[in-house]
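Listed below are the residues making up each chain.
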Amino acid sequence: MTALASTQLFSYAPDGVDPKKVPHKTTYTGAKIPAIGLGTFGSDRIAGEQIAAAVVGAASVGYRHFDCAAVYGNEQLIGNSLRNIVEGGVPREELWITSKLWNDKHAEEDVIPAFEKSLQDLRLDYLDLYLIHWPFPNYHAPGCDVTSRSPDAKPYIHENFMKTWRKLEELLAMGLVRHIGTSNMTIPKLRLLLRDARTKPACNEMELHPHFQQPELLQFVLENGIVPIGFSPVGSPARPDRDRTVSDTVDIEDPVIVKIAERLNVHPAVICIKWAVQRGQIPIPFSINRRNYLSNLRAVTTDPLTEQEMDAIARIDRNCRLIKGDVFLWKENQTWEDLWDLKGEITTP
Ligand SMILES: NC(=O)c1ccc[n+]([C@@H]2O[C@H](COP(=O)([O-])OP(=O)(O)OC[C@H]3O[C@@H](n4cnc5c(N)ncnc54)[C@H](OP(=O)(O)O)[C@@H]3O)[C@@H](O)[C@H]2O)c1
């Protein structure tokens, strides 16, 4: 255990939010997920110790939902935080802990060991949700740049994806995870999964913020009884350079968002969070800054945005995907659009 994680002890913060007042979403199995979670990806810049400390701090102010992943490289440190939180008096059943299978562990023989490593690192005996992080089995090294490609990279192959999914179904049957789900999927890929899965996904994690609202995918997910979890809900202002292009827009500088923030005297990020929860998705904002993660949590328990404000935000969608995924492309002369099935069909080899 590192010094910082071990000294960051859980206690109920007097200025925190009562977790019982935080709204929740219900999965098709009847489980309740807190309607906001804390992201834990430090964008390759922020030390795991700082993130682990933020996990304890966030629990102290009332967060009960944490979005983790093996590839974030900090699950061991976060495991210490979760242990502190539970030993500090939060019943395990009150927590919602998600982790994700990384792209280099899709092979049938790798799935269960990869899951067990996350479970052990997080110091838990079950997870609430396990996601397949990306539908491609394509590895990229932590901290790589946008031109980085794996020589073994492959396109989406449904038959292979189903082999990975079957192993997640096995984890469910083993009682090691309560729900399984997907991330970075498209409608055509989800259609195939829904056709072939024995257990359908409980949640789909997808990029969602005011400038990237993905209305069709959101509607598809909701119509199929899948809970949408929205990543980069603030527009990921500190994302890695590999995820930045000159045409990207900035949600928290949008005049519509800024004007509402001024009315409520909050940071524009808080408006993105309010909008997300009110729209029906679960945002998982990242922050290591107590003031910010506390205002994000308060945002979901205070007065909602007006109908006019919700309508105004609906109109500022720029279809601006930020996490484009170039590093997962599998052959020369492709563009990131090839990963996202923009023509309504799965892009084939
Ligand atoms: N499934 C996937 O493939 C996938 C992909 C990307 C992300 N994710 C998950 O989604 C989480 C969130 O996404 P993200 O980290 O890309 O971006 P994000 O949550 O949109 O943005 C995080 C940034 O916003 C700032 N921020 C947050 N709340 C704020 C507030 N109230 N006021 C001012 N600034 C605020 C944070 O700075 P401070 O720390 O200074 O507050 C941080 O730099 C990740 O951590 C990860 O768990 C999943």
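Keep in mind that this is a model prediction, so the values were computed, not measured.

Taking 1.5 Å of rise per residue, 16 residues should cover 22 Å, and helix 5 (residues 158–173) covers 22 Å from first to last C-alpha, within 8% of that figure. Of all the residues in helix 5, the buried ones are H158, F161, M162, T164, W165, K167, L168, E169 and L171. Elements in contact with the buried residues of helix 5: strand 5 (96–101), helix 4 (108–121), strand 6 (129–132), strand 7 (180–183) and helix 6 (187–196). Where helix 5 ends, the next residue or the one after it, G175, has phi of about 80 degrees, a positive value.

In terms of nonpolar packing, the biggest core is built from 102 residues, with Y63, F66, L82, I97, L127 and Y130 touching the most fellow members. Ranked by the residues each element gives to this core, the list is headed by helix 9 (residues 268–279), at 8 residues. Beyond its immediate sequence surroundings of up to four residues, I97 is in contact with F66, C68, L82, R92, L122, L124, L127, D128 and L129.

Our next topic: the pattern of salt bridges. Per the stated rule, a full pass over the model turns up 17 salt bridges. With its nearest N and O atoms 2.9 Å apart, the salt bridge here joins R195 to D196. Classification of R195 as exposed rests on a relative accessible area of 57%. Exposure remark for D196: the relative accessible area of 24% places this residue in the partly exposed category. Notably, a salt bridge pairs R263 with E309, separated by 2.6 Å at the nearest N-O pair. Note that R263 is positioned in helix 8 (residues 255–264) and E309 in helix 11 (residues 307–314), a separation of 46 residues in sequence.

As a packed pair, helix 4 and helix 5 sit with axes 9 Å apart at the nearest point and diverge in direction by 40 degrees. If you check the angle between helix 4 and helix 5, you find them oblique. The handedness of the crossing between helix 4 and helix 5 comes out as right-handed. Of the residues in helix 5, those touching helix 4 at E108, V111, I112 and F115 are K163, T164, K167, L168, E170 and L171.

As a matter of local geometry, the ligand sits amid 30 residues, with D67, V234, S236, S287 and N292 nearest to it. At 2.9 Å, a side-chain N or O of N296 approaches a nitrogen atom of the ligand. When the free accessible area of the ligand is taken as 900 Å², the share hidden by the protein chains comes to 90%. Among the cavities detected, the one that contains the ligand is the largest pocket. When residues of the shell around the ligand are traced back to their parent elements, those giving at least two are helix 9 and helix 10 (290–299). Taken together, the residues of the shell around the ligand sort by class into 14 nonpolar, 13 polar and 3 charged.

As a further point, take the layout of surface pockets. A volume near 930 Å³ is recorded for the largest pocket. F41, S43, S232, S236 and F286 are, among the 49 residues lining the largest pocket, the residues nearest its centre. Contributions of two or more residues to the lining of the largest pocket are made by helix 9 and helix 10. With 3 residues, the single largest contributor to the lining of the largest pocket is helix 10. Across the lining of the largest pocket, the residue classes break down as 23 nonpolar, 18 polar and 8 charged. What lines the second largest pocket is a set of 24 residues, and nearest its centre among them are K32, P34, R64, E93 and E94. The element best represented in the lining of the second largest pocket is strand 2 (residues 32–34), accounting for 3 residues. The residue inventory of the lining of the second largest pocket, partitioned by class, reads 13 nonpolar, 3 polar and 8 charged.

Before going further, it helps to spend a moment on the environment of K163. By the element assignment, K163 lies in helix 5. Sequence-wise, K163 and H106 are 57 residues apart; in three dimensions their C-alpha atoms are separated by 8.3 Å.

By secondary structure assignment, the location of S287 is in the loop between strand 10 (282–283) and helix 10. On the basis of relative accessibility, which here comes to 8%, the residue S287 falls in the buried class. Reaching out from S287, the side chain makes a polar contact with the backbone nitrogen of N289 at a distance of 3.0 Å. Dropping the residues within four chain positions of it, S287 is found in contact with L38, A54, N292 and Y293.

Mean pLDDT over the protein works out to 94, with 98% of the residues at or above the 70 mark. Throughout residues 1–6 the model reports pLDDT below 50, and contacts reaching past four residues in sequence, or to other chains, amount to 14 contacts.

Further remarks concern the pairing of strand 5. Here strand 5 lies mainly inside the structure; 6 of its 6 residues are buried. The alternating pattern of strand 5 places W96, T98 and K100 on one face and I97, S99 and L101 on the opposite face, and all of these are buried. Alignment of strand 4 (residues 65–67) against strand 5, held across 3 bridges, turns out to be parallel. Along strand 5, the bridge assignment pairs F66 with I97.

Definitions and cut-offs
- Residues numbered from 1 in each chain as written.
- Predicted model: local features only at pLDDT ≥ 70, side-chain atom pairs only at ≥ 80, totals over all residues.
- Heavy atoms only, no water.
- Helix = DSSP H or I, 4+ residues; strand = E, 2+ residues; numbered from the N terminus.
- Expected span 1.5 Å × (residues − 1).
- Buried < 20%, exposed > 50% of the residue type's maximum accessible area, 1.4 Å probe, protein only.
- Contact = heavy atoms within 4.5 Å.
- Core = buried A, V, L, I, M, F, W, Y, C linked by side-chain atoms within 4.5 Å.
- Salt bridge = Lys/Arg side-chain N within 4 Å of Asp/Glu carboxyl O.
- Axes fitted to C-alpha atoms, helices over the stretch in contact; angles between N-to-C directions.
- Parallel < 35°, antiparallel > 145°, perpendicular 65-115°, else oblique.
- Left-handed = near helix turned anticlockwise from the far one by under 90°.
- Near = heavy atom within 4 Å.
- Polar contact = N/O pair within 3.5 Å; in protein donor to acceptor, adjacent residues only side chain to side chain.
- Areas by Shrake-Rupley, 256 points an atom, 1.4 Å probe, with all protein chains shown as cover.
- 1 Å grid on protein atoms, 1.4 Å probe; cavity = no way out; pocket = protein on both sides within 12 Å on 5 of 7 lines; lining within 4 Å.
- Sits in = over half its atoms within 2 Å of the grid points.
- Nonpolar A, V, L, I, M, F, W, Y, C, P; charged D, E, K, R; others polar.
- Points joined across faces, edges and corners; volume = space filled by probe spheres on them.
- pLDDT = per-residue confidence, 0-100.
- Pairing = 2+ DSSP bridges.

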